[in-house]
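Structural features, examined
Letter by letter, the chains look like this.
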Amino acid sequence: MSGLDHIISANLEWAGSQSAEDLARWQAGQSPKILWIGCSDSRVPPEQITRRTLGEIFVHRNIGNLVLPNDASALSVLYYAIRALKVEHVVVCGHYECGAMKAVLGGRNGRNLDILEHWLVQAEDVMQKHQSELSALDDKAKWRRLAELNAIESARVVTNTKMFRDALADGQKCQVHAMTFDIGSGKLIDLGFKQ
């Protein structure tokens, strides 16, 4: 036994509850209209918080929902979603109570974050860029606002990629959105990002 028997058992129960029509449709391929770029945090599952089913959202998740201009993984997902799947919406979704944003705000504080510290450089740049706004806020508000600003910056990175600009130039319809998920209320908040 693997120690994950409860996962296998739950999957068998789920698989048995799916209709033959749904299984055949999923097997035939995917045509999602949305690419969701979100945080790896286990409290923010895109399909569940948006009530979508299999095949409706193409998902990329990482620590801090970052889109870095040199991240081959995120850029490969973005390319495939835009150019092959022809998604109509790219959502960059952060969330409140994000551990990555807390790490950025707290600095190293004697901790050795190694690869995580390197990964969060873009979020640190966002914090520095908005230091005057953030410094006027209490700790909780600062944490929440940095999550919003970070999602907006990653959305901006998406719109600045050559693949996105080329798709628009070719007449493809695709909008980029920045959102945050409020874990405390369960609600998505559109941050009003304009490309």
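Residues numbered from 1 in each chain as written. Predicted model: local features only at pLDDT ≥ 70, side-chain atom pairs only at ≥ 80, totals over all residues. Heavy atoms only, no water.

1. Quick notes on the pattern of salt bridges
Pairs can form between side chains of opposite charge once their charged atoms are near each other. The condition is simple: Salt bridge, as used here: a side-chain nitrogen of Lys or Arg that lies within 4 Å of a carboxyl oxygen of Asp or Glu. Counting from the N terminus, the helices are DSSP H or I runs at least four residues long and the strands are E runs at least two residues long. Exposure is judged per residue with a 1.4 Å probe applied to protein chains only, and the accessible area is read against the type maximum: over 50% gives exposed, under 20% gives buried, and values in between give partly exposed.
Applying the stated criterion to the full structure yields ten salt bridges. In this structure, Arg 25 engages Asp 22 in a salt bridge whose closest nitrogen and oxygen atoms are separated by 2.5 Å. Here Arg 25 and its partner Asp 22 are both found in helix H2 (residues 20-28), three residues apart, which amounts to about one turn of the helix. Assessed through its relative accessible area of 44%, Arg 25 is described here as partly exposed. The partly exposed category is assigned to Asp 22, whose relative accessible area is 23%. Its salt-bridge partner being Glu 153, residue Arg 156 comes within 3.0 Å of it at the nearest N-O pair.

2. What about the packing of aromatic side chains?
Here is the rule we go by: Any two of the Phe, Tyr and Trp rings considered here, Trp counted by its six-membered ring, make a pair once their centres fall within 6.5 Å; the pair's planes then place it as stacked at under 30 degrees, edge-to-face at over 60, or tilted in between.
If you walk through the whole model with that rule in mind, you get two aromatic pairs. A ring pair is formed by Trp 14 and Trp 26, whose centres lie 6.0 Å apart and whose planes are at 10°; its orientation type is stacked. Here the residue Trp 14 occupies a position in helix H1 (residues 5-16), and Trp 26 occupies one in helix H2, the gap between them amounting to twelve residues. You can call Trp 14 partly exposed: its relative accessible area is 37%. Ring plane angle 45° and centroid distance 5.7 Å describe the contact between Phe 58 and Tyr 80, whose orientation is recorded as tilted.

3. Considerations on the packing of helix H5 (residues 99-106) against helix H9 (residues 139-159)
Just so we agree on the cut-off: Here an axis means a line fitted to C-alpha atoms, over the contact stretch when the element is a helix, while the angle between two N-to-C directions is reported on a 0 to 180 degree scale. Throughout this description, any angle smaller than 35 degrees is read as roughly parallel, any larger than 145 degrees as roughly antiparallel, any in the 65 to 115 degree range as roughly perpendicular, and the remainder as oblique. Note on convention: near helix rotated counterclockwise from far helix by under a right angle means a left-handed crossing. Clockwise means right-handed. By definition in these notes, contact holds between two residues if any of their heavy atoms fall within 4.5 Å.
The interhelical angle for the contact between H5 and H9, taken along N-to-C directions, is 110°, at an axis separation of 9 Å. Taken as axis vectors, H5 and H9 run roughly perpendicular relative to one another. Where H5 crosses over H9, the two elements pack in a sense that is right-handed. Contacts from Met 101, Lys 102, Val 104 and Leu 105 of H5 reach H9 at Lys 142, Trp 143, Leu 146, Ala 147 and Asn 150.

4. Some points on helix H10 (residues 162-169)
Stated precisely, the cut-off is as follows: Taking the helix axis as origin, the arc is that swept by the directions to the C-beta atoms.
Of all the positions in H10, only Met 163, Phe 164 and Ala 167 are classed as buried. The buried side chains of H10 occupy one side of the element, clustering within an arc of 100° when seen end-on. Of the exposed residues in H10, those oriented more than 90 degrees away from the buried face are Lys 162 and Ala 169. Elements that come into contact with the buried residues of H10 comprise helix H4 (72-84), H9 and strand S4 (175-182). Gly 171 sits one or two residues past H10 and shows a positive phi near 90°.

5. Some points on the layout of surface pockets
Formally: Both site types are read off a 1 Å grid over the protein atoms alone. A 1.4 Å probe that fits but cannot get out defines a cavity, while an open set with protein on both sides within 12 Å along at least five of seven lines defines a pocket; lining residues have an atom within 4 Å of a point. Grid points are joined across faces, edges and corners, and a volume is the space filled by probe spheres set on the points.
Taken as a whole, the largest pocket holds about 270 Å³ of empty space. Leu 68, Trp 119, Val 121, Gln 122 and Asp 125 are, among the 15 residues lining the largest pocket, the residues nearest its centre. For the lining of the largest pocket, the secondary structure elements donating two or more residues are helix H6 (115-119), helix H7 (121-129) and H9. For the lining of the largest pocket, the element with the highest residue contribution is H7, accounting for five residues.

6. Quick word on the environment of Ala 141
With respect to the helices and strands, Ala 141 occurs in helix H9. Judged by relative accessible area, Ala 141 falls into the partly exposed class, the value being 28%. Along the primary structure Ala 141 and Val 176 are separated by 35 residues, whereas in three dimensions their C-alpha atoms are 25 Å apart.

7. Some remarks on unusual backbone geometry
Even without glycine at this site, Arg 51 takes up a positive phi of about 55°. Along the polypeptide, Arg 51 turns up in the loop between helix H3 (46-50) and strand S2 (57-62). Phi at Glu 97 is positive, roughly 65°, even though this residue is not glycine. One can find Glu 97 in the loop between strand S3 (89-95) and H5.

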